[in-house]
Amino acid sequence: MPKRKRNLNTIYISERLQESLRPISKCALTSVVAPMGYGKTTAVNWYLAKYAKKEALCIIRISVYSDNLAIFWKSTQDAFAREGFGFLREYTCPSDAADGSLLADDLCYKLDMEKSCYIFIDDFHLLTDNRASAFICRLANRLPENVHLIIASRDRFLSAAAIIRLGGKVHQIGTEQLRLNHTELSVYVHKCGAELSDENIKALLYSSEGWFSAIYLNLRIFSEQAALPDRNSDIYAMFTASMIDPLHENQREFLAVMGLADEFTVEMAQFITNNPNVADILTTLTEQNAFVKRLPDGVTYHFHHMMKECAERVFQKLEKEKQAFYQERFALWYQDHQQYLHAMKAYRQNADYDGLLRVIKKDAGILLSSLNPETVLTVIENCPASIQKEHPLSLLVLMRSMFNWHLIPKMMELKALLMASIEEHPEMSTEERGNLLGECDLIMSFLCYNDISAMSRLHRSASSQMSRPAISIQKRGGWTFGSPSVLMMFHREPGSLGRELAEMDECMPHYYKITNGHGQGAEKIMRAEAALMQGRFSDALIELETAYARIEGNGQENMALCCDFLAQRLFLCTDVEQRWTFEQRYASLLQHHNAAWVNIWNAACAYYYALRKDLKNIPEIYASHMLSSVHILAPGRPMIEMIENQVYLAQGAYAKVIGRSESLLSICESRHYALVRLHLHIQTAAAYEMMGKRIQGQALLQQAIQEAAADDFLLPFAENYVYLKSLLESFTGGRNSEFLNRIIQLGQKYEARQRKLNAESSRPIVLSSLTDREHEIVILLEKRLSNREIGEKLFLSEGSVKQYVNQIYSKLHIVGDTRTKRKQLLELLSSGN
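The model shown is predicted, which means the values in this text are computed figures rather than measured ones.

Asks: Let's hear about the overall build of the chain: which residues, and what values?
Replies: Across its full length, the chain carries 43 helices and eight strands. Projecting the C-alpha coordinates of the chain onto the three principal axes gives extents of approximately 110 × 75 × 55 Å. When contacts within the chain are restricted to residue pairs at least 6 apart in sequence, those whose partners lie at least 24 apart make up 70%. Split by element, the accessible area of the chain, about 37,700 Å² in all, is 50% carbon and sulfur.

Below you can see the structure in the form of structure tokens.
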């Protein structure tokens, strides 16, 4: 009988494992958890290949190679793009629950289709950030029925509580399902063409405990030496001896070098190794070695983690000159392909600080921000000062990064190096010297945040010296740190409003010049907000429209949202036309795929609906008080907390408002947020009044009135008039009596406006575009009154009524002759009520 041909690369999936894989198609999430080498990836790929033969599938494969979320996010974007889903490229890496929720909504919407979609994330254990597993659980609970997540990991990533919450949506596969028993081992050995006695199979099962990689390596050694290795052999030593040492020298070196890459193409491998025969080497390795795989895209290769670990050990044994050469090639490849984090790592491992600083300049601090600050600090400490001074632009990027991380002493050290660099290079052109000094002034101005006068001096200095936009500030980034209000950021102390507005007018053009228009329109928004606070609604509207015009088309969505916040508050004061419905604005924001913008919009909506006491429409993250799950930048947090306070007030949680006030006021004092402090005093006074604590309420309100009178701020009182009405009327006389009377007058008008809006909210949706007068006329038309009769009731001429009626028909898109138009209107009213 002829000997069976040996094929150790045979794929074997036991019947028992096949049964364990079958429920994947019925569950939103399948976890495949087992130590390295148990065949997790092989089993999932077998399952997906089997089902792909039966039906058209969408398969998205994502491999994790490190714990860096930015790198993982890039891999995710690429994987989705390969399957035709390019929308993820418009998202930044989610950083909190709000980001994750926005992404989950879009994923569920885009992936909801007729064919089944499988998302396979391999080596998930490398992502040590708990936010990743939390997002997976939230996503699994919301996925449409056609989408199935498969997560392969060495470690458990689902908590017991998460498993209970997911219930039947989760399917778990573990070591017990993946390891081979005696019968399965016998079948596998037979399929591989190996001839082992039953005694050898028992010994192999005992030494390997059914671990696939150990079995495979034992069989490799058996095929070469006709004997199983000693059961005490080290698995990595076995692997190296069996899979790497027997190779030709050029193949062995190829494995050692390319084992440093997460994934690679033939083109990349040729560049790194400078070897024209890469394609032949890879063909040989993939045919003979189960640990070298070509991915389903047909062009990308990667090594199994066991192969990578052993290859890296071999790489460390290469001559130091060779190691340095290959690291340099990796760094250059990654740099040229804008994979800056990989490039930084390669330069760092090679101690090539010149190269590292060049990449930091190219990255402009964007991906650098995803690194642990301690890692960056270590790099700076190890990099000689003489080299740092040769890269002044990189020093500027690092200064800005230190500010973002609140590492101000280190920021100042880097500034000193920058000054020394400029001083030590007298050959530097005057223009470049000015650009460096100017951008340094710009970055230093952030330390004066909220002090417009101090910031303005530095901005003017920067503007006078710079001939190019700053490299350390991206125009597409946010400007208000998540605050929906400019005035709340920059009103520093009572009585200083006029000076602050003048300084903003003078300061911002200089800032725009050196940042390519970052924050465009801020000074106009601040003036509009000031007019709104003072009850000058016409002036507020004019400034608001000017701000909208400045912003339009320049991509400054942050500033447009500040305009929206102002417009919403203005609408609650007077009859102004709204640019869009809340639903339309939210839909337009989703097109940007930017959770920071959605967070600002949620804040604006929460404040608007809290003022209207419309609890059902307050965004969930505010209504349920889940702000702790949202990443909020420190300078913007007091404004967001104040808005949450307004929600608590609307919900009747008065004790909560009082209890939070002390800590919130302390933060406002330290940051010089005078307007936010005023709001908090008014909210707390209102809460005391609602709880029958008038003495405490009066004391706080008296302080608020005194502070507000200095800048003629009326609106915050009017917005809370429903709570303060009785308390305000209890004040008599005093030096602010005239100001108090104006507060009460505006409060009464505000209250009347709310009653009117509440009445209009019951208006049929089909009539939402009509003015109040037009709506009155429609009601009379519905009663079948003639134009003359309507004129008599509303004290209008018959001609005026006719003009109104024609406007109504136009707005409602009703066409035809007079008789049919009236009939169409009545039919529309009947269907719209």
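Now that the structure is up, let's keep going.
Asks: Mind laying out the packing of helix α4 (residues 97–111) against helix α5 (residues 130–140), listing which residues take part and the relevant values?
Replies: The packing of two helices is summarised by the inter-axis angle and the distance between the axes. Between α4 and α5, whose axes approach to 10 Å, the crossing angle comes to 40°. Classified by the angle their axes make, α4 and α5 are oblique. Between α4 and α5 lies a crossing whose hand is right-handed. For the pair α4 and α5, the contacting residues are Ala97, Gly100, Leu103, Ala104, Leu107 and Cys108 in the first and Phe135, Arg138 and Leu139 in the second. Of the residues assigned to the contact of α4 with α5, the class counts are seven nonpolar, one polar and one charged.

Asks: Please provide a residue-by-residue account of the packing of helix α26 (residues 497–515) against helix α27 (residues 522–533), values included.
Replies: Put simply, α26 and α27 touch, their axes get as near as 8 Å, and they point 160° apart. For the element pair α26 / α27, the angle class is roughly antiparallel. Where α26 crosses over α27, the handedness of that crossing is left-handed. Together, Leu497, Glu500, Leu501, Ala502, Met504, Asp505, Met508 and Tyr512 of α26 and Ala522, Glu523, Met526, Arg527 and Ala530 of α27 make up the contact between the two elements. Of the residues contributing to the contact of α26 with α27, the split by class is nine nonpolar, no polar and four charged.

Asks: Just give me the short version of the packing of aromatic side chains, but keep the residues and values in it.
Replies: A complete count under the given rule lists 23 aromatic pairs for this structure. Ring plane angle 65° and centroid distance 5.7 Å describe the contact between phenylalanine 565 and tyrosine 607, whose orientation is recorded as edge-to-face. Placement of the pair is phenylalanine 565 in helix α29 (residues 557–571) and tyrosine 607 in helix α31 (residues 595–611), with a sequence separation of 42 residues. We note that phenylalanine 565, like tyrosine 607, is buried. Taken together, Tyr449, Trp479, Phe481, Phe490 and Tyr673 form an aromatic cluster joined through their ring pairs. The ring of tyrosine 51 is capped by lysine 54, whose NZ or CZ atom sits 4.9 Å from the centre of that ring. We note arginine 753 situated over the ring of phenylalanine 571; from NZ or CZ to the ring centre the distance is 4.9 Å.

Asks: Which residues make up the sheet that holds strand β1 (residues 29–33), and what values go with them?
Replies: The strand order across the open sheet formed by five strands is β2-β3-β4-β1-β5, and the pairing between neighbours is parallel. The open sheet has two free edges, formed respectively by β2 (58–63) and β5 (170–173), since each of these has just one partner strand. Averaged over all pairs of adjacent strands, the angle between strand axes in this sheet comes to 15°, irrespective of strand direction. The sheet contact formed by β1 and strand β4 (residues 147–153) spans five bridges and is parallel. Counterpart to leucine 29 in the pairing with β4 is leucine 149. Most of the contacts of helix α2 (residues 40–54) go to strand β3 (residues 117–122), to which it runs at about 165°, and overall it touches β1, β2, β3 and β4. Packed on one face of the sheet, α5 meets β1, β3 and β4 and runs near 155° to β4.

Asks: Kindly report on the pattern of salt bridges, identifying the contributing residues and their values.
Replies: Counting across every chain of the model gives 38 salt bridges. Residue arginine 179 pairs with glutamate 176 through a salt bridge whose shortest N-O separation is 2.5 Å. The shortest N-O distance in the salt bridge between glutamate 424 and lysine 389 comes to 2.8 Å. A residue pair is termed long-range when its members are at least 10 positions apart, and glutamate 424 in the loop between α22 (408–423) and α23 (430–445) and lysine 389 in the loop between α20 (385–388) and α21 (392–404) qualify at 35 residues. Put simply, Arg637, Glu641, Glu644 and Arg660 are held in one network by salt bridges that share partners.

Asks: Quick one: what's the story with the side chain of asparagine 450, residue by residue and with numbers?
Replies: Within the secondary structure, asparagine 450 sits in the loop between α23 and α24 (452–465). For asparagine 450, a relative accessible area of 1% corresponds to the buried category. Polar side-chain contacts of asparagine 450 include one of 2.9 Å to the side chain of arginine 492.

Asks: Summarise helix α30 (residues 582–590); cite the residues concerned and give the values.
Replies: Of the residues making up α30, those classed as buried are Phe582, Arg585 and Leu589. Seen end-on, α30 carries its buried residues on one side only, within an arc spanning 65°.

Asks: Let's hear about empty space enclosed by the protein: which residues, and what values?
Replies: Unfilled space is identified by rolling a water-sized probe across the atoms. This model, assessed by the stated rule, comprises four cavities of 30 Å³ or more. Around the largest cavity sit Met344, Arg348, Leu356, Ile360, Leu368, Leu371, Thr375, Val376, Val379 and Leu398, which together line it. Elements represented by at least two residues in the lining of the largest cavity include exactly α17 (340–349), α18 (353–363) and α19 (373–382). Among the elements that make up the lining of the largest cavity, the one with the highest residue count is α19 (three residues). Split by residue class, the lining of the largest cavity holds eight nonpolar, one polar and one charged.

Asks: Describe the sheet that holds strand β7 (residues 292–294), and please don't skip the residues or the numbers.
Replies: Strands in a sheet are paired, the pairing made by backbone hydrogen bonds, and the direction either parallel or antiparallel. Here we have three strands laid out as an open sheet, ordered β6-β8-β7, and antiparallel in their pairing. Of all the strands in the sheet, the pair left with one neighbour each is β6 (264–265) and β7. The pairing of β6 with strand β8 (residues 300–303) spans two bridges and is antiparallel. By the bridge assignment, phenylalanine 264 is partnered in β8 with tyrosine 301.

Asks: Any chance you could break down unusual backbone geometry for me, citing the residues and the numbers?
Replies: Backbone geometry at alanine 364 places phi at a positive 60°, although glycine is not the residue there. Within the secondary structure, alanine 364 is located in the loop between α18 and α19. Looking at alanine 364, the relative accessible area reads 15%, which means it is buried. Positive phi, close to 60°, is recorded for asparagine 516, a residue that is not glycine.

Asks: Break down α17 for me, with residues and values.
Replies: An α-helical turn contains 3.6 residues, so a residue and the one three or four places further along point in the same direction. Of all 10 residues in α17, seven are buried; the element is thus mostly enclosed. Within α17, burial applies to Tyr340, Leu341, His342, Ala343, Met344, Ala346 and Tyr347. Contact partners of the buried residues in α17: α3 (69–82), α16 (320–336) and α18. Phi turns positive one or two residues past the end of α17, at alanine 351, with a value near 55°.

Asks: Kindly report on the side chain of glutamine 327, identifying the contributing residues and their values.
Replies: Examined against the element boundaries, glutamine 327 turns out to sit in helix α16. When sequence neighbours within four positions are dropped, the list of residues in contact with glutamine 327 reads Leu260, Phe315, Ala346, Gln349 and Asn350.

Quick notes on the rules
- Residues numbered from 1 in each chain as written.
- Predicted model: local features only at pLDDT ≥ 70, side-chain atom pairs only at ≥ 80, totals over all residues.
- Heavy atoms only, no water.
- Helix = DSSP H or I, 4+ residues; strand = E, 2+ residues; numbered from the N terminus.
- Contact = heavy atoms within 4.5 Å.
- Areas by Shrake-Rupley, 256 points an atom, 1.4 Å probe, with all protein chains shown as cover.
- Axes fitted to C-alpha atoms, helices over the stretch in contact; angles between N-to-C directions.
- Parallel < 35°, antiparallel > 145°, perpendicular 65-115°, else oblique.
- Left-handed = near helix turned anticlockwise from the far one by under 90°.
- Nonpolar A, V, L, I, M, F, W, Y, C, P; charged D, E, K, R; others polar.
- Phe/Tyr/Trp six-rings, centres within 6.5 Å; stacked < 30°, edge-to-face > 60°.
- Buried < 20%, exposed > 50% of the residue type's maximum accessible area, 1.4 Å probe, protein only.
- Lys NZ or Arg CZ within 6 Å of the ring centre and 35° of its normal.
- Pairing = 2+ DSSP bridges.
- Salt bridge = Lys/Arg side-chain N within 4 Å of Asp/Glu carboxyl O.
- Polar contact = N/O pair within 3.5 Å; in protein donor to acceptor, adjacent residues only side chain to side chain.
- Arc of directions from axis to C-beta.
- 1 Å grid on protein atoms, 1.4 Å probe; cavity = no way out; pocket = protein on both sides within 12 Å on 5 of 7 lines; lining within 4 Å.
- Points joined across faces, edges and corners; volume = space filled by probe spheres on them.

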